[in-house]
Every structure is written in structure tokens, then in C-alpha cells.
Amino acid sequence: MVDYTYDADGNPIPRLDECYEDQFSDYEDLINPFVIKGDGFDVTLSLARGMLSWTSVSAKVKKSKLPLPGTAKLTKGIVDLPLKDVYGVQIKRKRGKGQLDGEGLCLGFTVYTYYQFGPNCWKDLVIEFEHPSESLCNKYYDGIKTFIKDFPGRPHSIKIFMQTHAGNRTSKQTYVNKILPMLKAASISSDFLEIQHSEHVKQEMIHINLDDYDCMVAIGGDGTASKVVSGLLTATQNRNDVDVRQGFTPARPAMPVGIIPTGSSNHIARSIMGLADPITAVLYILLGYNMPVDVCSVFSEDKLLQWNFACQYGFGANALQYAYKYRRNLLPKSVDAAIYKASSKKKLHPYDCDVEYIPADRRTKDSQTVCLQGCSVCWNEEVKEDEEECLVQPFNPLTNSNNSDTFVDLSKDESPWKACKGSFLQVGLFCVPARNEFSPEGLSPFSHLNDGCMELVLVKDVNRKDFIRFLKRNGNSKNQLDFPFVDVIRVKEVKFRPRMPIGWKHTDRSFHEIQYRMSKLERMASKDSQVLEIDDGEDEEKDNDSVVRSGLDDLSDLDSEDEDLKGSSNSGSRKSSAGSNRTSQKQYINNNNVIVNSAHQDRDLIGPQYRMTFADADRMKRKNKQIKKEEKAKAKEERLLRTKWNLDNELMNKHELDFRVHHGLISLCGRGISPDSIFQEYGCLPITR
């Protein structure tokens, strides 16, 4: 497999090690005997070839007892280890009591490398070359150290952000026992920071000097990784004086971000590496394997909120809310319980949404292609000239029925925007495949890491049985997007707006404001003015008994319409009296701090207000209590019509959001998914047992 680095535009550049090895062409090869695992070997260090080789001096021992390190090759009993796979070297010493580091009897030198434990899994490997001569060991040590010290892409100073409460809360133990010894072996200086609150990373990035570090590292879950990426991108924009607003061109950070997964889902790390293994992630950071990845900016009311890789609305956000609720008592089954709760008959319901988007292209040949190492789709930025242009009209809610569930494609205008509105159980936006333990191949398995597009996944309103089938396919090898109620669109920009029903009342979901007003006008037109006033009063009482505030608002509008229908039969003084009556009624309900006499009196007379009786005060207290109860019920019903956003497994209590993808804006430490990967199925979800 060919290793790649990437230029500023995200195009691949082969890592030509020969260019780096040319500066070592004058170095002579070192050949000396050493002992490895109790057997004698002739060890050759060739800086000109960038290779550390050893072969057994005994005919009985044909190969080393160690696993084959890195990309090393075994040819006729000779092991050739490329020095680019070595991340550290040290002199092995036996220290006596009171001796410090660097002191003691020399026993040889130690090489720190890795070996492949599977298609995507790497494990650290320590090889000890034993020899009593300190001068000889120093020659090998100096040669290897000189070669790997300035190897392209490798960091020398890193900034570490660690979230100790992520996942099973093993981040600190993993850092002390595994990560820190590897950093010391690689002679990398690190600045460690433990995250204390949700805004800690953002506050730290404001005052950080980016020139002091070569890499940013996030130890935690998806939320921690997203915060570090957002902080780095925001700090880069501030440093380059970029005017951050919708449609802007962001500046690219000069350093990569390494993600060491210790969270629950780790869909970002799994999408980049293929698995959630901290040791593999650390090796990618130390060896300098980076790749550009698309990231989307999230705006709310022309204000940048953050940068994300995977966003979900609807079922995905509800499941995350229940997972937070059950995390303390139901670990490690909190996610299973959350999926079961969110998909229950009582909790599973659709959400009315308006989605506008700009389609990326109309190429379909790559729609079923999985992004793997060396993916050709990610780097193809050319657009065919013979492709048809997308001529559509911006979304207009008056051009279609309110209950339509179709795409609006009007070719009268040359706007690139398309629109879709309807009821959806889930809306997803993915810049990465979003692989996790419960969806091994990803929530969007055909998303690419660096193609400049997002996958918009719309799951329409269907019965619960079909939606359960959709959930089950996320955990196995079948394509969960191959359903008639699932639409997948490759987009560049998205505008999302939740849609509330017209004339909605929380006490009556079938209530329609326009039909209600038309029926009132028909009844008023069929009666004389005197009977009309009495009917309006009766309707007032009915409305006040059901919903106090909404009834008064409707009454005030109907009174104004009554005055227009009566015409000249009503005097101007009576109109002003009715207007003052409406004002006093609104003040009586809306302003709870002002005491108003509710007894009937002539409004034309000006005199002292009578003191409220105890019965009136008690009646007013009951009305205020009823109003608060109705407001609480209304807020509860509104929460059923809208939900929060799940942005990289972090909840966002904002609904009207704008998304835009940025091609290869951030570099993450990793190599992508191996073509030899075998994804293990999650199994049956608890809702299907």
C-alpha cells in the first residue's frame, strides 16, 4: 500500500522516502553482531537505504522470535525493517542505586516500532539489541536518532486535551499506563490539560500560541474530538483575520489533530482508523500519518456555532438524550436501553421539517463505493462539463400543499437550491461514514472522507415495523439505505427549519386556525347584530374555559371583525368603549401584578376603583394557576413537535441551523480503512428480541 501526504488543496503527493534518504547517502553502513532474545544476529544499519536489518549467525535459527515489525520483509532469513516504521530509540542501561537517567552500565540499545495485529490494528513492539560496548551502541543510537528526528510529518511538541469522564472513564489510566511511556520513548514534549467543563477547550484555544505545537491531541470521545477540532479551526480563523460568516472561505490549520478514542461510540476515530484502539491512534500520531478530512460548519442566525462531522435530528438525537439519562445506572447497556426507549411506540414519532440543500453533483457511479485506503473518489475534484446544470427555484411554502412530501424542482429560476419538506423520523448529515460499535459499517456507509460532499439521509415517516428493520440493518452487513422510505442525497450546503402546524393548539391537535375563522364568519353572517354579540360572549366563555390566552386573542380579532360587519349601526363611542374593554381584559390576564376590579361597571363613568373581594382574589388566583398549567402543557406539546440536534454526540438545543461542507479543511491522524477489513456484526438489537 502506497503512503500519501497531501498538499494545500487536498491532492495526494506520494511520500518519496528516497528524497529524504538522499541526504544520508554519504553515511557508511554499520554491521556488527548483537543478541536478540538470546540468539546472535548480524545487525546492519544502512541510513542510505533507510533500513535496519538483521540475520541469524546460526544456521539453526532462520528468523527472529519476534513478530514481523511494521512493513518489514523477511527474505531468506534476513529481516529488513524500514526506519520510517521506528518511532523511538534509547540506550538500554542497568542503573544502580542512586543513579539517574543516562547513567549506569550499558546493555545495548532499544528500538521502538510496531507490528500489525490485524487489517487496521497496530500494536507497539520493543526490540532490544544487546551488546556490552557503549561506544558501538551509541553509533547505532545516533544513526537511528538522526534519521527519525526530522522525518517528514512527525511531531515534536504536542498539546493534549483529555476528558476523564468519557466512555467508561478510563482515559486517565490509559494515558498514564500506555500513552505516556510511548511519548517518552519517542522523545516528544507534551503539554497536558484535563478538561474541566464544556467550554474549557474553547477558552484555552483563545490564548494558545499555535506556533508552540506541531499537533493537537484529543483523548476522549466524539464530543472531545469535535471540541478540539472546532477550537483549532476557530483559533486559525482568528489568527488569519478571517471574517467568519456564511459563505466564507476558511483558512486551513497548519497542524493535524490526533484522536485517541476512549469514548462510547467514537464514530470519528472509527471512520479514520477503522477501529477504536488507543495504541493504534498513538502510533499514527508518532509516525506522522495524516490525511485531510471534510468538515462542516454549523451556523445559527448567521453565527458560527461549531464544526462537526456527523449531525442527526429526530431519532438519533432522542436516543442520545436517553443514553445520557441511563449512563449512570445502566452502563454498559445504556445505549441498548436508549435505542429501546427512543424506538418505543410512545416515543417514536415523526417531525415536520423544511430542508433546503444544494446538490453536489449527479454522478451515480460512486454512490455505492466505500471509502478505503487509496480511495480515488476522495481526490477527484473535476466536474464534467457535459453534465446538466441544476436549475431549481428556492423553496416557497405557498407553491405546494402543506402536507406534501415531495421535492420542489422548479426550473424557472437558476438558483442552485432545492427544497424538500415533510415528516421525517430522522434527518442525518454525514461528512464521514460515522462507524461505531452499533453500526460497524457506518450510519452512512458510502460517505467519503475527502470528496467535498456531505450525505443527506432522510428517513421518512413509516410504521414502526419498517423503521425497526432499518435499525436492524445498521448492525449487520446489509445496506440500511436500501429502503423506499430512505432518501440519500449528496449535498454541499443544507438549511434546516422545523415546521410547526398552521393554527396549532396544544389542547387540540386537529385544530386549524383558518377553518375556525371561516366557520365563525359564516355563523356571524347568518345572524343579526344583537344575537351575534350574545354568541360571541358565549364563545368567549368556552374559549376562556379551554385556553385562556388563546381564547382572548381570538376574541379580540373577532370583535374587530364584528365591528367591520356592523358598519354604521354602531356609534364611535361604543367602538372606543369596546376597544377599552378589550384593553382591560388583556391587562387583566397578562399583567398579574396589577389588581383590577372584575365587577361590571359603566366604562364611561370615571370614579374610584372598588377594592377586590376575597372571592375575586381567589378566582384570580385559580385563573393564574390555570394559565401556568396551560403554559406548561403547551411547552410539553411543543417539545413533542421538535427535538434537539445531535452534533457529534453532543446535544444542541437549537433548531434552525445551516450547514456547509469544507473540502479537506482539517487533517486527522490516520490512514483510512484497510481494504482487507472485516466488520463484525453487532447482533440483534434489544427491540428485536
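Residues numbered from 1 in each chain as written. Predicted model: local features only at pLDDT ≥ 70, side-chain atom pairs only at ≥ 80, totals over all residues. Heavy atoms only, no water.

Our next topic: the nonpolar core. Tyr87, Met216, Val257, Phe309, Ile666 and Leu668 are the most contacted members of the largest nonpolar core, which totals 70 residues. A total of eight residues in this core trace back to one element, the largest contributor, which is helix α7 (residues 278–287). In this structure, Trp54, Val86, Val111 and Tyr140 belong to the second largest nonpolar core, which totals 31 residues. (Core = buried A, V, L, I, M, F, W, Y, C linked by side-chain atoms within 4.5 Å. Buried < 20%, exposed > 50% of the residue type's maximum accessible area, 1.4 Å probe, protein only. Helix = DSSP H or I, 4+ residues; strand = E, 2+ residues; numbered from the N terminus.)

Despite not being glycine, Asp241 shows a phi value in the positive range, around 55°. Tracing the sequence through the fold places Asp241 in the loop between α5 (222–239) and β14 (257–261). For Asp241, a relative accessible area of 69% gives the class exposed.

Looking now at the pattern of salt bridges. Applying the stated criterion across every chain, the model contains 18 salt bridges. Residue Arg490 pairs with Glu455 through a salt bridge whose shortest N-O separation is 3.2 Å. With Arg490 in strand β22 (residues 486–498) and Glu455 in strand β21 (residues 454–460), this pair connects stretches of sequence that are 35 residues apart. Accessibility expressed as a relative area gives 13% for Arg490, which makes it buried. (Salt bridge = Lys/Arg side-chain N within 4 Å of Asp/Glu carboxyl O.)

Attention shifts here to empty space enclosed by the protein. Going through the model one piece at a time under the given rule, you end up with five cavities of 30 Å³ or more. For the lining of the largest cavity, the secondary structure elements donating two or more residues are β11 (157–162), α3 (171–185), β13 (215–220) and α7. The residue makeup of the lining of the largest cavity, split by class, is ten nonpolar, no polar and no charged. (1 Å grid on protein atoms, 1.4 Å probe; cavity = no way out; pocket = protein on both sides within 12 Å on 5 of 7 lines; lining within 4 Å. Points joined across faces, edges and corners; volume = space filled by probe spheres on them. Nonpolar A, V, L, I, M, F, W, Y, C, P; charged D, E, K, R; others polar.)

The next point concerns the packing of aromatic side chains. Inspection of the entire model under this criterion finds 26 aromatic pairs. Their ring planes at 90° and their centres at 6.4 Å tell us that Phe34 and Phe129 sit as a pair that is edge-to-face. Pair noted here: Phe34 is in strand β3 (residues 30–36) and Phe129 is in strand β10 (residues 122–130), with a separation of 95 residues, a long-range link. This pair shows no difference in class: Phe34 is buried, exactly as Phe129 is. Geometrically, the ring pair formed by Tyr175 and Phe192 is stacked, given 4.8 Å between the ring centres and 25° between the ring planes. In this pair, Tyr175 is assigned in helix α3 and Phe192 in strand β12 (residues 189–194), connecting sequence segments 17 residues apart. Note that Lys159 overlies the ring of Phe161, its terminal NZ or CZ placed 5.6 Å from the centroid. (Phe/Tyr/Trp six-rings, centres within 6.5 Å; stacked < 30°, edge-to-face > 60°. Lys NZ or Arg CZ within 6 Å of the ring centre and 35° of its normal.)

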